[in-house]
Amino acid sequence: MNLSPPAKKPKISEFDEDENMTEAREIDEGLYSRQLYVLGHDAMRRMGASNVLISGMRGLGVEIAKNVILSGVKSVTIHDTGNVAIADLSSQFFLKKDDIGKNRAAVSLPRLAELNTYVPLTSHTETLTEDFVAKFQVVVLTTSSLEEQCRLGDFAHRNGIHLIVAESFGLFGHIFCDFGEKFVVSDPTGEQPIVSLVTHVTQDKVGVVTCPDDSRHGFSTGDFVTFSEVQGMTELNDCTPMEVKPLGPYSFSIGDTSSFSSYQKGGVAVQVKQPLTVNFKSLKDSLDEPEYVISDFAKMDRMSQLHVAFQALHHFQATSGALPKPRNKEDYASFLATVKEFNSSSKAKVETLDEKLLETLSFNATGDLPPIHAVIGGIAAQEVLKACSGKFNPIFQHFYFDALECYPEEQVEIEEKSFQPTGTRYDGQVAVFGEDFQKKLSQQKIFVVGSGAIGCELLKNFAMMGVASGDGGEIVVTDMDQIEKSNLNRQFLFRPWDVQKTKSSTAAKAVKEMNPDIRITAHENRVGAETENIYTDDFFENLDCVANALDNVEARTYMDRRCVYYKKPLLESGTLGTKANVQVVLPNLTESYSSSQDPPEKAIPICTLKNFPNAIEHTIQWARDAFEGYFSQPSKNANQYLNDPKFVETTLKQQGSHPAELIGSVKSALVDSRPKTFQDCVAWARLEFQVQFSNVIRQLLFNFPADQVTSTGQPFWSGPKKCPKPIDFDIDDELHIGFVVAGANLKAEMYGIAGTRDEAEIRRLVAQVKVPEFKAREGVRIATTDAEAEDMGMDGDMNPADVARLLPARESFGAFRMTEIDFEKDDDTNFHIDFIMATSNLRATNYGIQTADRHKTKGIAGKIIPAIATTTSLVVGLVCVELYKLVNGNRKLESYKNGFINLALPFFGFSEPIQAAKQKYYENEFSLWDRFEIDGMKEDGKEMTLGELMDIFKNKHKLDVTMISQGVVMIFSFFMQTAKRKDRLGMAVSKAVETVSKKSLPSYVKNLVLEICCNDVDGEDVDVPYIKYKFRH
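**A look at the overall build of the protein**
On a plain count of helices and strands, the protein comes out with 32 helices and 34 strands. Against the globule reference of 31 Å for 1033 residues, the protein gives a C-alpha radius of gyration of 33 Å, in line with a compact fold. Each principal axis of the C-alpha distribution contributes one length, and for the protein these read about 95 × 90 × 60 Å. A buried classification covers 56% of the 1033 residues belonging to the protein. Put simply, of all contacts in the protein between residues at least 6 apart along the chain, 73% involve residues at least 24 apart. Accessible surface computed for the protein: about 44700 Å², of which carbon and sulfur atoms make up 49%. The positive charge centre, built from 112 side chains, and the negative charge centre, built from 143, are 4 Å apart in the protein.

**So, the side chain of N489**
Counting through the fold element by element, N489 comes out in the loop between β20 (474-478) and α15 (503-514). For N489, a relative accessible area of 1% translates into the label buried. Only 2.7 Å separates the side chain of N489 from the backbone oxygen of L70, close enough to count as a polar contact. The residues touching N489, leaving out its near neighbours within four places in the chain, are L31, Y32, Q35, L70, S71 and A869.

**Details of the side chain of Q137**
Mapped onto the secondary structure, Q137 falls in the loop between α5 (130-133) and β4 (138-141). Among the polar contacts made by the side chain of Q137, one reaches the main-chain amide nitrogen of N51 at a distance of 2.7 Å.

**Regarding a negative patch on the surface**
Together, D481, E484, D551, E824 and D827 line one region of the surface with negative charge. Within the secondary structure, E484 sits in the loop between β20 and α15.

**Points about the sheet that holds strand β8 (residues 195-197)**
Ordered by their spatial adjacency, four strands build an open sheet running β8-β15-β11-β12, and the pairing between neighbours is antiparallel. At either end of the open sheet lies a strand with only one pairing partner, and these are β8 and β12 (242-243).

**Considerations on a nonpolar patch on the surface**
Together, F297, M300, F900, L905 and F907 give the surface a local cluster of nonpolar side chains, amounting to about 450 Å² of exposed area. Mapped onto the secondary structure, M300 falls in the loop between β17 (292-293) and α8 (302-320).

**Overview of the packing of helix α22 (residues 678-703) against helix α27 (residues 832-846)**
Running from N to C, α22 and α27 point in directions that differ by 15°, and their axes come no closer than 11 Å. The orientation of α22 relative to α27 falls into the category roughly parallel. You can see that α22 and α27 cross each other, and the crossing is right-handed. Residues F689, Q692, F693 and I697 of α22 lie in contact with α27, whose contacting residues are T839, L842, R843 and N846.

**Re the pairing of strand β23 (residues 570-576)**
With five of seven residues buried, β23 lies mostly within the body of the structure. Of the pairings in the sheet, the one linking strand β22 (residues 545-548) to β23 comprises two bridges and is parallel in character. Directly across from V546, in β23, lies its bridge partner L570. Considered for its hand, the β-α-β crossover made up of β22, helix α17 (residues 553-566) and β23 is right-handed. With antiparallel pairing between neighbouring strands as the criterion, β23 and strand β24 (residues 579-585) make up a hairpin whose turn holds two residues, including G577 at a positive phi of roughly 65°.

**Quick notes on the pattern of salt bridges**
Evaluation of the coordinates by the stated rule reveals 55 salt bridges. We note a salt bridge from R45 to D42, for which the minimum N-O separation is 2.7 Å. Here R45 pairs with D42, and both are found in helix α2 (residues 29-47), just three residues apart, close to one helical turn. Salt bridges here are not isolated pairs; linked through shared partners, they connect R34, D826, D828, D834, R854 and K858.

**Comments concerning the sheet that holds strand β6 (residues 172-178)**
Spatially, eight strands are ordered β3-β2-β1-β4-β5-β6-β18-β17 in an open sheet, and the strand pairing comes out mixed. Of all the strands in the sheet, the pair left with one neighbour each is β3 (121-124) and β17. As judged from the four bridges shared by strand β2 (residues 75-79) and β3, these two strands associate in the parallel manner. Bridge assignment links H79 to a residue of β3, and that residue is H124. Its contacts with the sheet place helix α11 (residues 370-389) against β1 (51-55), β4, β5 (162-169), β6 and β18 (398-402), and it is angled at close to 175° to β5.

**Focus: the pairing of β6**
Counting buried residues along β6, seven of its seven residues qualify, which places the element largely inside the surrounding structure. Covered by surrounding structure in β6 are F172, H174, F176 and D178 together with G173, I175 and C177, the residues of both alternating faces. One ladder, built from seven bridges, connects β5 with β6; its direction is antiparallel. Paired with A166 across the two strands is I175, which belongs to β6. Here β5 hands over to β6 after two residues, with G170 in that stretch at a positive phi of 60°. Note that β6 and β18 share five bridges and pair antiparallel. Bridge assignment links F176 to a residue of β18, and that residue is H398.

**Thoughts on the packing of aromatic side chains**
Enumeration according to the criterion identifies 54 aromatic pairs in this entry. Here the aromatic rings of W622 and F693 are separated by 6.2 Å at their centres, their planes lie at 65°, and the arrangement is edge-to-face. A residue pair is termed long-range when its members are at least 10 positions apart, and W622 in helix α19 (residues 616-643) and F693 in helix α22 qualify at 71 residues. When its relative accessible area of 15% is taken as the criterion, W622 is described as buried. For F693, a relative accessible area of 0% corresponds to the buried category. Look at F631 and W684: their rings are 5.8 Å apart centre to centre, the planes differ by 70°, and that puts the pair in the edge-to-face class.

**Re unusual backbone geometry**
In this chain, F396 is followed by Q397 through a cis amide linkage whose omega measures -15°. Mapped onto the secondary structure, Q397 falls in the loop between α11 and β18. A cis geometry characterises the amide bond from L905 onward to P906, with omega recorded as -15°. For P906, the position within the fold is in the loop between β25 (898-902) and β26 (907-911). At E229, a position not held by glycine, the phi torsion is positive, near 65°. Considering the arrangement of structural elements, one finds E229 in the loop between β11 (224-228) and β12. Classification of E229 as partly exposed rests on a relative accessible area of 30%. For F831, which is not glycine, the phi torsion reads 75° and is therefore positive.

**Some thoughts on the packing of α8 against helix α9 (residues 329-345)**
Packing of α8 against α9 leaves a shortest axis separation of 9 Å and a crossing angle of 120°. Of the possible angle classes, the one that applies to α8 and α9 is oblique. When the axes of α8 and α9 are compared, the crossing they make is right-handed. Along the contact surface, α8 presents V308, A309, Q311, A312, L313, H315 and F316, while α9 presents D331, S334, F335, T338, V339, F342 and N343.

**Describing helix α6 (residues 146-158)**
Here α6 contains 13 residues, and its C-alpha end-to-end distance of 18 Å stays within 8% of the 18 Å for a straight helix at 1.5 Å per residue. Among all positions in α6, only L146, E148, Q149, C150, L152, G153, D154, F155, A156 and H157 are buried. Where α6 is buried, its residues contact α5, β4, β5, β6, α7 (283-288) and α8. Taken from the residues just after α6, G160 is the one with a positive phi, measuring 70°.

**What to know about the environment of G207**
Structurally, G207 can be placed in the loop between β9 (200-201) and β10 (208-210). Classification of G207 as buried rests on a relative accessible area of 0%. On a C-alpha basis, the gap between G207 and S258 in space is 7.4 Å, while along the polypeptide they are 51 residues apart. Once you skip the residues sitting within four places of it in the chain, G207 turns out to touch T202, F252, S253, I254, G255 and T257.

**A few points about the environment of F953**
Tracing the chain through its elements places F953 in helix α30 (residues 946-956). For the pair F953 and L903, spaced 50 residues apart in sequence, the C-alpha separation works out to 53 Å. In this structure F953 touches F932, I934, K958, L959, V961, I1012 and I1027, once residues within four positions along its chain are discounted.

Reading the values: rules and limits
Residues numbered from 1 in each chain as written. Predicted model: local features only at pLDDT ≥ 70, side-chain atom pairs only at ≥ 80, totals over all residues. Heavy atoms only, no water. Helix = DSSP H or I, 4+ residues; strand = E, 2+ residues; numbered from the N terminus. Rg over C-alpha atoms; globule rule 2.2 N^0.38 Å. Buried < 20%, exposed > 50% of the residue type's maximum accessible area, 1.4 Å probe, protein only. Contact = heavy atoms within 4.5 Å. Areas by Shrake-Rupley, 256 points an atom, 1.4 Å probe, with all protein chains shown as cover. Lys, Arg positive; Asp, Glu negative; His and termini not counted. Charge placed at Lys NZ, Arg CZ, Asp CG, Glu CD. Polar contact = N/O pair within 3.5 Å; in protein donor to acceptor, adjacent residues only side chain to side chain. Patch = residues over 30% accessible without salt bridge, like charges linked within 9 Å, V, L, I, M, F, W, Y side chains within 5 Å. Salt bridge = Lys/Arg side-chain N within 4 Å of Asp/Glu carboxyl O. Pairing = 2+ DSSP bridges. Axes fitted to C-alpha atoms, helices over the stretch in contact; angles between N-to-C directions. Parallel < 35°, antiparallel > 145°, perpendicular 65-115°, else oblique. Left-handed = near helix turned anticlockwise from the far one by under 90°. Right-handed = clockwise from strand over helix to strand, strands pointing away. Phe/Tyr/Trp six-rings, centres within 6.5 Å; stacked < 30°, edge-to-face > 60°. Expected span 1.5 Å × (residues − 1).

Remember, this is a structural readout, not a statement about activity or role.
This is the structure:
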């Protein structure tokens, strides 16, 4: 743990296999599983050969170190010559008050080391020398002077060492990258290669490739492709990548095909990523000739201003021995003179200096803000990984960021003394926003929903910012999940010894150690209708803000509805690999999260899955469905029958083919297919192999022979239809026996029968299985379209009542219950992925589709969302920047930023939140935030009746209410019978709801949401807001 990384010749940019690569450790897929879907194995292996130096262990340095260590490089050395001061506690989350006076790197070392035991960590507390820096492949400087940055930058540039400079001053940040000359980027975007089926290729000087007319090829000019599975024009298969020129959505041209054989049929075009070579300038040269990555397209004019200003700030610090003091006019005047001097002699001279911007930078210089460190630290750490791996496009070369919208919209002159340090851990934040703002932060009441990756980062930042650290403040965090090993790669508040503990309480305890002042309460509840007795009207009305840290749309949508109903700000965010988004939902101002939705995921047609797969995604989904059909659903159905005396009676009342399927499934599980021994389980697996991968394919080819043509004379097996081949079982084939091993063990588990992993024993048992001879039959219907498949699904010659009579009595099974097997992707010992991979790859072999390894199979079958710590750090930093604005009371749309970021490109897109859409009745405009708020309690203490409620609308709003509903309950309609209507109108509103729903309203419910249909004075239907009806005080 305390060994320095070995001194080695600096690694050059072309990532050839070298001694470092051969020393790289094996990748722990259990730990890095989500990150592997972002970076891939090759990039991870290159990272595992890289030694990284991170200089400066204040807030920004530790943020970068945390992200790099979690990501899994070969080794990390942290460097700092300074000692801990109280001001460092503003943002350095691994420092404590007891550490004051000790070296920052030395005290951070053991806490950082806990993050990832695979990454050796060491500290260095002496001045950086060229000999020491030469030991590393990547060097990150976070607190160095400009002179040191240039000195080490020149050395790094000459010696093939990759340099990253990251720095922040209050609401401002800067990143610089120099990865040397001829740095090779193996994959600039990280997107999956585009794959398109081929239906025809011309023989011509400029060959034209045609794709199916129901699927756009997706290629762009300059893309390169190669081919596979082409019949006839076989010269295309595995050819040298050919450049593409799109001719339309369904065709593109390639090179000269005139000398190739004639195209017959089939084929797949696959995009081939082309490496990109980038030539970086040294820092010293780049100061004179800067090139920028835009952080915000609305602030493009600021980059050149800040480029000069940051250099001047370093000079000011070097000559004055300190940065400009907060809100100090004299220091600003001196700083401005320095900027002007620098600018006048700079080769990157700015024509007109923005003195207001420069004043703000001067006032921010001593600021130390956790959210800005999270933003800059997340981006900079991703640049470290790019430097190590060559994966994704690096920042070229300067990146400047600011978040000045965090200041109050109405600028009020505040005394300088309100921003001066007073010896507290919040001095770095007070320097930017002042004492009064810090007090507001300490009194915030925030509901954090989820404590996974985003939740952990939110809680860490809130703790450092001092959110809910004072009287009246509170953070409530809820998460029902337990910690798993795969979480440890991103959810940095958790350690290996926390696995299987609850996330929320563990996270709360961790941030309480970071800042003992924080007032935090941990819950382990799901958010939804079932917990509205906990998260009541009183709970929500007491909140200042909600921060979502959720991983599913359903929960996000629910919380969005709650926030709209209670008119609470919502901070919404999410990540997908290197992509991130932030959305701010502001009461009475913006649209809500639910106002727009992503397009639904494209479903695979049934007939494609069942009979005509043409991609590995199809076979994996088929295998996933087979898993459910074999091992999950039958046991659940059987246990329903065994546990519910009315199961058969209830099932027989259902419509369509479902009763027959359900009862047939129970009979099969408990009678027809019930094994008694493991030998029976092996026999079942072997026979299923024969059915699925041989017999079914033989029947398909019997119905549609390989030379079949359609009514138009076209080959039936062409385009997206691949002609399959049956598989003969081979006991020595690992894929074949793998299917039997996994299938037999899962079958045995369902029935409580002991299984075995001994392949030799299973081979012995397989050899004893008698496989019936198969002969294809006439008259078997096979669907070729989804419509046919649906029609055939409706057919059924089996009477469910007859099948039910064949079921043994429930009592005859005694206490026997089947084991219900729910798919779990992250347990590599449970045979789940083994079965799906074997099944998918066997079916892929049937159809001549490229098979997939375990990693790819697991990702698709488990619908794993790619994730990496760097993106999470960045997105939460942006969320907390928006919280600053909320606490400052900003109300203008232009003050807030919705963001979309892709660190791979890199791309940063920010925009104002979209204003809530308006509707109108009469001359009254309303949006989703508006409602009729009616207090149903009259002065005499009685509740108003339904009739009195309707009179309010008649007399006050000139609206004739024709229907009223509460949830799914219709409590009034114009077409009611006269007597019933009269009775209903005389009821108290809450009584009417209870009467119709036949349920009492819980004591914690104070308000009802009533949806109404209305006519205007002309008798026309009009859309109006809902009613928030208060019936309890």
